[in-house]
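Structural description and commentary
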Amino acid sequence: MKITTARRISQAFFLALFLWFCVVATVGERLWQLRGWPVNWFLELDPLTGLTTLIAGGSLYSGLLWGAATLALTLLLGRFFCGWVCPFGAMHHFIGWLGNHSKDPKERARRNAPHPAQQIKYFLLAFFLGAAASDLAARLLLGQGAAFAAGAIAIALVLAATRKGQGRDFYFIAVGVLLALWAVWSMAAPRGGASLLAGLLDPIPLASRSVNLALLPLADMPLRIAWPEPRFYQGAAMIGAIFLAFLLLNLWRPRFFCRYVCPTGALFGLLARFSLYKVGKREARCGGCMDCEALCEGACRPAGRLRPQECVLCLNCLSECPESAITYRPKPSAAGEVAPDLSRRRVLAGLGVGLAAPPLLGLGGLLGPNWDPRLIRPPGSLPEGEFLRRCLRCGQCMRVCPTGVLQPAGPSFGLEALWTPVLNNTIGTSGCQPRCVACSHICPSAAIRPISLAEKLGQGEYAAQGPIRLGTAFVDRGRCLPWAMDRPCIVCQENCPVSPKAIFTRVAYQTVISGLSAGEAGGGELAVSGRALRPGALATGDYYLVAGEVRARIRANTNAALSLEPGPGWHTPTPGSPVAVQVRLQRPYVDPARCIGCGICQHECPVSGKRAIRVSAENATREPRHSLLLKGAGPH
Amino acid sequence: MAPRAAAPSRAQRLTGLAVLIALALVALGVLYTQGRYDPASWGWGSAAPGGDAGPLAALAVPGLEPREAGASFDPATLSDKIDGKAELYLAAGFQRLYTRRYALKGNPAAWLELMLYRMKDPRAAFSVFSNQRRPGPTPPGLGPNAYATSNALYLADGPWYLEAVASAPDAGLIKGLDAAARAIVAALPKDQAAAVPGEAALFPPQGLKPGSVVLLAKDAFGMAGLNQIFIASYPQGAPERIAWLARRAGPEAAEQEAAAYARFLETNGGRMAPAPRAIRGARLTELLGVWELVWPQGSYVAGVRGAESQEATLELAMRLHKRLSEVKP
Ligand code: SF4
Ligand code: SF4
């Protein structure tokens, strides 16, 4: 078997496994449901997810240790992950092949020639590491030395990878000044300064998000395997379009994303430069057929001086060389190697922009006075600052949520929150189910920490702290039927799942038809005049005839008579005396001490556009400073 | 012609083989992992502490799987669960409510909730059952006190009253409701007779609207203290005629209650009229043009309300009077 055949089998295997994990992330015990499938495994294998959460969050969630194994293997073998494991890479590879295999070999070689734009991914890596690391000094201040060391390693990695040479002194001065500035800033503005932006372009979160939130809902529409009902995700078009664009760009340049964009590939590239095993030429000279260049996925010029950091180990060159001049062995290429084509200035700029990004984004005040009450996070979510340092934007929680209430935050929430999970109580099949904690257990980075049902419900050992609140419901009196329109409705109160209910009602009688006069009584009815009534309109049981101080419930009505059910104290009004029709309303009020912000009321509210009762993140447990209540205050 | 690639070397072939073995190991590892899981970690299939589903705890229903361990409510917490309707249950003699959710096997989104009420006696169970009766057919084999709607099934069996409500009017769930009801009826202790309480059989059958017998537990017709009243509908024109009756401790109590009810009608705007002689102790009242007759008969107090004419009122009253005179007070 050719080595490339083995590689194709491996790619197909991991791609199928990845897609399978996306399909089975449905809560349930059938073989095609969640069971114990390690649906986060690819996210865990991706070392950038682990590295950035470690730097930004200051701790490594156990599963993410797989990334360390990937890095270790990369040091041994080179970028094996890109060429053999990465499911997103496999998609690029396949589409690139589709678009290019029929082209003339010269044209293919031209498309596979190294290009300065390949530096962009290093710039992006530096940017994402910078954004993750900008809080490190503050962490050091707080004694979290391990996290600081990790940050220092990240920076050292970038520095080590950049070209040595001219301008050395200037370069070190620049780095020194930058680090000093950063340290001073971090100490002056401790905490809250890091952001895990890497998930925007990190390939596994990107692919997971795109398949989970765009591809799968589309494919599942007719099949209904993943969800019993069609699934909707806000902004899925943008997520899908970005995914599609990256795939289609392979028609122009094979492995476009891997060559120019992928920050994880850049991280691998930095290590692959020093890997033990490398692709290379046995001798400096070869037949010069350039077949290898026409097939090279990494644009690393195998026929000339090779760029090991760009090599994705597709091994096409090795397998197809008619002279068997290409080898894979623990020796550098006989034809020589070219170090990463990195401009220090650009990498530094990337790092600098990255370091500056969180404080810049922070100027929007999202973590401070301008916090966004629409950011209702899933149960178990860390406080917002920590959450943003950990959320990979992989979409796993949104995929697994049985009700579909978890949605990717759109651009209106800001770049720092883009595609992180928020509750949208309108779009799914319900609000957050009180007896579900699925998202907290699937989250690969513990941005939503794993919680038990007892903790969510505030039972057992959690009884003293009470249930987890996601926010609080507010009645919009301008839209609520009994408040604004004198129409009876207690849907929200009926649906509130907490016990005792968080919504209570107060009865109010509102005059809806006045200017009537009583007529003769007979046959259980009272004739009325002064205005024609719509027959049957008052027969719902909510309407009352009021005569002076007393009321009788209206059972039925014609246009000029009411069938009545008199209550105690009733006396039939004398003919000619004024009477009116009142509606009995139960107006909803929310008790903030009981509301858990599950959003079920909002979901069920019959005002189906902008709901008349809406949850916002006020009073959420995870942010004590957004509390509405003073401890112990209130009548209950 | 393009030069041909050389045949794969031994090293290539061996590496290829090693990769295939590695993939097989990964596949095995994944398969092994998928079988080891704890459903409790998703929050489904596990109990929150404090759950006590009583007779539902061990209830297995073919085709359904429990989605939770269930819970129970006592008179103090009943309103937490059913809020607005709690008063009705409490007045009738509520003791405990057991609830548990089930879902169709393999489809957690298709669920149903069983709410099993333990009432103080079969009368109380019949009271809540009859008071909330909605139009719907009786599922065969579940006894006279059962009916189904498009997404729910209700039944009274001895001191138990069951409400089984599905999340959607889906054929699979309807079958599930039926299976759950049968499983419950089979599992419940048969310590008290399941029959409809005796008074229900006293209404004259002719013209009786099927399924219209209701036991009003408390404050019937808006009169405080008028409790444990059976009513039945006799549709004939509108408003519908209602016959009602209740058994009291003895003739004296029955007489006092008949008098109190007549007084209540009077304070609510009713006008007394001369009563027919044919029924001893009867009192006739007119309110908004409809007639009400109430009388004591042995230990019973009985009445007819809602008819527009004295004749129609008397006609039904005579028939009820006759039925009552046939039973030993
Ligand atoms: S806990 Fe709530 S938000 Fe999370 S998956 Fe379950 S229903 Fe969705
Ligand atoms: S959001 Fe609050 S008020 Fe609304 S249903 Fe949930 S707990 Fe009840």
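Above this text is the structure in question.
The sections below set out a description of the structure shown in this document. (Residues numbered from 1 in each chain as written. Chains lettered and ligands numbered in written order. Predicted model: local features only at pLDDT ≥ 70, side-chain atom pairs only at ≥ 80, totals over all residues. Heavy atoms only, no water.)

Examining the pattern of salt bridges
It is possible for side chains bearing opposite charge to pair when their charged atoms get close. Residues and elements named next belong to chain B. Selection criterion: Salt bridges, as used here, are contacts in which a Lys or Arg side-chain nitrogen is within 4 Å of a carboxyl oxygen on Asp or Glu. For helices the rule is a DSSP run of H or I covering at least 4 residues; for strands it is a run of E covering at least 2, with both sets numbered from the N terminus onward. Only protein chains enter the calculation, and the probe is 1.4 Å; a residue is then buried if its accessible area is under 20% of its type maximum, exposed if over 50%, and partly exposed in between.
Inspection of every chain in the model, using the stated rule, returns 27 salt bridges over all chains. The residue Arg123 makes a salt bridge to Glu199 at a minimum N-O spacing of 3.0 Å. Of the two residues, Arg123 is situated in helix H4 (residues 122-131) and Glu199 in the loop between helix H5 (171-187) and strand S8 (214-216); the sequence distance between them amounts to 76 residues. Judged by its relative accessible area of 23%, Arg123 is partly exposed. When the shortest N-O distance is used, the salt bridge between Arg271 and Glu286 registers 3.1 Å.

Thoughts on the interface of chain A and chain B
Cut-off, in case you're wondering: Contacts are residue-level and defined by heavy atoms, with any inter-residue pair within 4.5 Å sufficient. When two parts are brought into contact, each loses some accessible area as probed by a 1.4 Å sphere; the total of that loss over both is the buried area. Throughout this description, a polar contact denotes any pair of N or O atoms lying within 3.5 Å of each other; where both atoms belong to protein, one of them has to be capable of donating a hydrogen while the other can accept it, and for residues adjacent in sequence the pair is counted only when both atoms sit in side chains. The residue classification treats Ala, Val, Leu, Ile, Met, Phe, Trp, Tyr, Cys and Pro as nonpolar and Asp, Glu, Lys and Arg as charged. All others, Gly included, are polar.
Taken together, the contacts link 63 residues of chain A with 51 residues of chain B. Among the residues chain A hides against chain B, the three largest losses belong to Met1, Arg35 and Arg435 of chain A. Together they make up 14% of the total. Viewed at the interface, chain B and chain A are joined by zero salt bridges. The tally of links between chain A and chain B comes to seven residue pairs in polar contact (both at pLDDT 80 or more). Mapped onto the side of chain A that touches chain B, the elements with two or more residues apiece are helix H1 (3-24), helix H17 (316-320), helix H21 (438-442), helix H22 (453-457), strand S6 (503-522), strand S7 (525-529) and strand S10 (561-566) of chain A. Here the side of chain A that touches chain B gets eight residues from one element, more than from any other, and that element is H1 of chain A. Grouping the amino acids of the side of chain A that touches chain B by side-chain chemistry returns 35 nonpolar, 19 polar and nine charged.

Section: the side chain of Lys456 of chain A
All names here are of chain A. Put simply, the rule is: Only four residue types enter the tally: Lys and Arg on the positive side, Asp and Glu on the negative side, with His and both chain ends excluded.
For Lys456, the position within the fold is in helix H22. The buried charged residue Lys456 lacks any salt bridge partner; its closest oppositely charged side chain belongs to Glu455, at an N-O distance of 11 Å. Beyond its immediate sequence surroundings of up to four residues, Lys456 is in contact with Pro379, Cys432, Gln433, Pro434, Cys436, Val437, Ile451, Pro467 and Ile468.

Things to note about the sheet that holds S7 of chain A
All names here are of chain A. Formally: By this definition, two strands are paired if DSSP reports at least two bridges between them. The angle between two axes is taken between their N-to-C directions and runs from 0 to 180 degrees, where each axis is a line fitted to C-alpha atoms and a helix contributes only its stretch in contact.
The strand order around the closed barrel formed by six strands is S6-S7-S10-S9-S8-S11, and the pairing between neighbours is antiparallel. Strand-to-strand, the axes of this sheet are offset by a mean angle of 45°, without reference to chain direction. Pairing geometry for strand S8 (residues 543-547) and strand S9 (residues 550-557), over four bridges, is antiparallel. For Leu545, the partnering residue across the bridge sits in S9 and is Ala552.

Read these as layout, nothing more, since geometry by itself doesn't imply function.
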